[in-house]
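# Coordinate inspection notes
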Amino acid sequence: LKVTSCIAKMFSKFRVQAVSFSVARTVRSFSQFKKVGVVGLGLMGHGVAQVTAAAGYQVLAIEAKPEALAVGMKRIEDSLSKVVARSVKTGKETPEGAKKTYDDIMGRITTSTNVADAADCDLIIEAIIEKEDIKIDFYKKLGPLIKPSCVFASNTSSLAITNMAVASGRADKFVGLHFFNPVQVMKLVEVIKTTHTNPETVKAVAEFGTKIGKSVVHCGDTPGFIVNRLLVPFLCQAMLMIDRGDATTADIDLSMQLGAGHPMGPLHLMDYIGIDTALSIVTGWRQNFPDEPAFVIPKCLSDKVAAGNLGRKTGKGFYNWDGDKVLDAIDGSSKK
């Protein structure tokens, strides 16, 4: 099934009618989120659901299809199993204590393929496919189904928050909440406000971020927010150097590792995150902000996507890969 039809299925079980809730028009209870809905259990969403449940929140995990839901829950189970096994190995917990921790966390996660089941959630975090038209359609349908006091948060890494916020019908209770992969490990989360966002909404979501163990940074609704607004143009500059023949892949990466203290070079990182993902981000920015000189599309970026060489996930990008192990650079260069 196409992505759009999958998302439509999540709404199909809900009869189109007004949802009546007795809800105060204040935001005083935002900081007391109890039940959190996570829509989309893919690479990011399953991690969001896991860390939220681990922090003590009741979590409703939602996917469009039962098969996808099962895959997402298996990811959570596998990840959490590693966490508790590590706690036993390091002596932080006994085997019995670790099992109880595992059972308690998994016990706080319920599942559904119907977004209408999230009607009573206090916070809904969306982590569906990174396509603006699909997200906007999702929020247009979601808004009427959910109690008016619920806060919506999109995990988008590059799309405009304002457009989704307006579509939801509750722009004052809408933020971006951008986690980083893997969510279970990466400590940062970006909270993005729009000109419509109620300051109490921002405060409450930031408190939530802190309670689930993240370091929270704040940003306005600028393309890419903080991290990607700085990172993606940097990656593109490295690729432009490849286009011009300024330096080899290995030398560019080694220079940024040893000269700037980066844990991995920009071209290695491109392969790791997905070359097609970077092209999608830059293409969208280029279309929406044609006069911004930082938003450029290097030829090697387009060429690799056209050839299907998307990095680690396809086994070839700027480097050859063996699963998660990086091998030699495609241009034959090697790190000293």
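Our subject is the structure listed above.
Quantities reported herein were computed from a predicted structural model and do not represent experimental measurements. (Residues numbered from 1 in each chain as written. Predicted model: local features only at pLDDT ≥ 70, side-chain atom pairs only at ≥ 80, totals over all residues. Heavy atoms only, no water.)

It is worth spelling out the layout of surface pockets at this point. When its volume is computed, the second largest pocket comes out at roughly 330 Å³. H46, S79, K82, P182 and Q184 are the residues nearest the centre of the second largest pocket, which is lined by 14 residues in total. For the lining of the second largest pocket, the element with the most residues is helix α3 (residues 66-89), which contributes six residues. Partitioned by chemical class, the residues of the lining of the second largest pocket number five nonpolar, four polar and five charged. (1 Å grid on protein atoms, 1.4 Å probe; cavity = no way out; pocket = protein on both sides within 12 Å on 5 of 7 lines; lining within 4 Å. Points joined across faces, edges and corners; volume = space filled by probe spheres on them. Helix = DSSP H or I, 4+ residues; strand = E, 2+ residues; numbered from the N terminus. Nonpolar A, V, L, I, M, F, W, Y, C, P; charged D, E, K, R; others polar.)

Our next topic: the sheet that holds strand β5 (residues 151-154). Reading across the sheet, the eight strands line up as β3-β2-β1-β4-β5-β6-β7-β8 and stay open at both edges, with mixed pairing between neighbours. Since the sheet does not close on itself, it has two edges, and those belong to β3 (109-112) and β8 (215-220), each with one partner. Neighbour-to-neighbour, the strand axes of this sheet turn through a mean angle of 25 degrees, independent of strand direction. Bridge analysis of strand β1 (residues 35-39) against strand β2 (residues 58-62) gives five bridges, and the strand direction is parallel. The residue bridging G37 from the neighbouring strand is L60, located in β2. Strands in contact with helix α5 (residues 132-142) are β1, β4 (123-126), β5 and β6 (174-179); relative to β5, the strand with the most contacts, it is inclined by about 170 degrees. Taken strand by strand, helix α7 (residues 199-211) contacts β1, β4, β5, β6, β7 (188-193) and β8, and its axis lies near 25 degrees from that of β6. (Pairing = 2+ DSSP bridges. Axes fitted to C-alpha atoms, helices over the stretch in contact; angles between N-to-C directions. Contact = heavy atoms within 4.5 Å.)

With the rule as written, the count across this model stands at 14 salt bridges. Between K35 and D120 there is a salt bridge whose closest N-O contact spans 3.0 Å. Of this pair, K35 sits in strand β1 while D120 sits in the loop between β3 and β4, placing them 85 residues apart in sequence. Each member of the salt-bridge network shares a partner with another, and the members are E126, E130 and K135. (Salt bridge = Lys/Arg side-chain N within 4 Å of Asp/Glu carboxyl O.)

Summarising the sheet, β7 and β8 pair through six bridges and their orientation is parallel. Across the sheet, V191 pairs through a bridge with H218, a residue of β8.

Here we take up unusual backbone geometry. In the segment running from N181 into P182, the intervening peptide bond is cis, with an omega of -5 degrees. Residue F225 is not a glycine yet carries a positive backbone phi of 60 degrees. Locating F225 in the fold gives a position in the loop between β8 and α8 (227-244). Of the residues examined, F225 reaches a relative accessible area of 2% and is grouped as buried. (Buried < 20%, exposed > 50% of the residue type's maximum accessible area, 1.4 Å probe, protein only.)

Attention now goes to the nonpolar core. Counting 37 residues, the largest nonpolar core has F33, I109, L123, I125, L177, F179 and F208 as the members making the most contacts within it. Not counting residues up to four positions away in its chain, the partners in contact with I125 are V36, G37, V38, V39, V48, A153, L177 and F208. Ranked by size, the runner-up nonpolar core spans 27 residues in total, among them I124, L142, I146 and F152. (Core = buried A, V, L, I, M, F, W, Y, C linked by side-chain atoms within 4.5 Å.)

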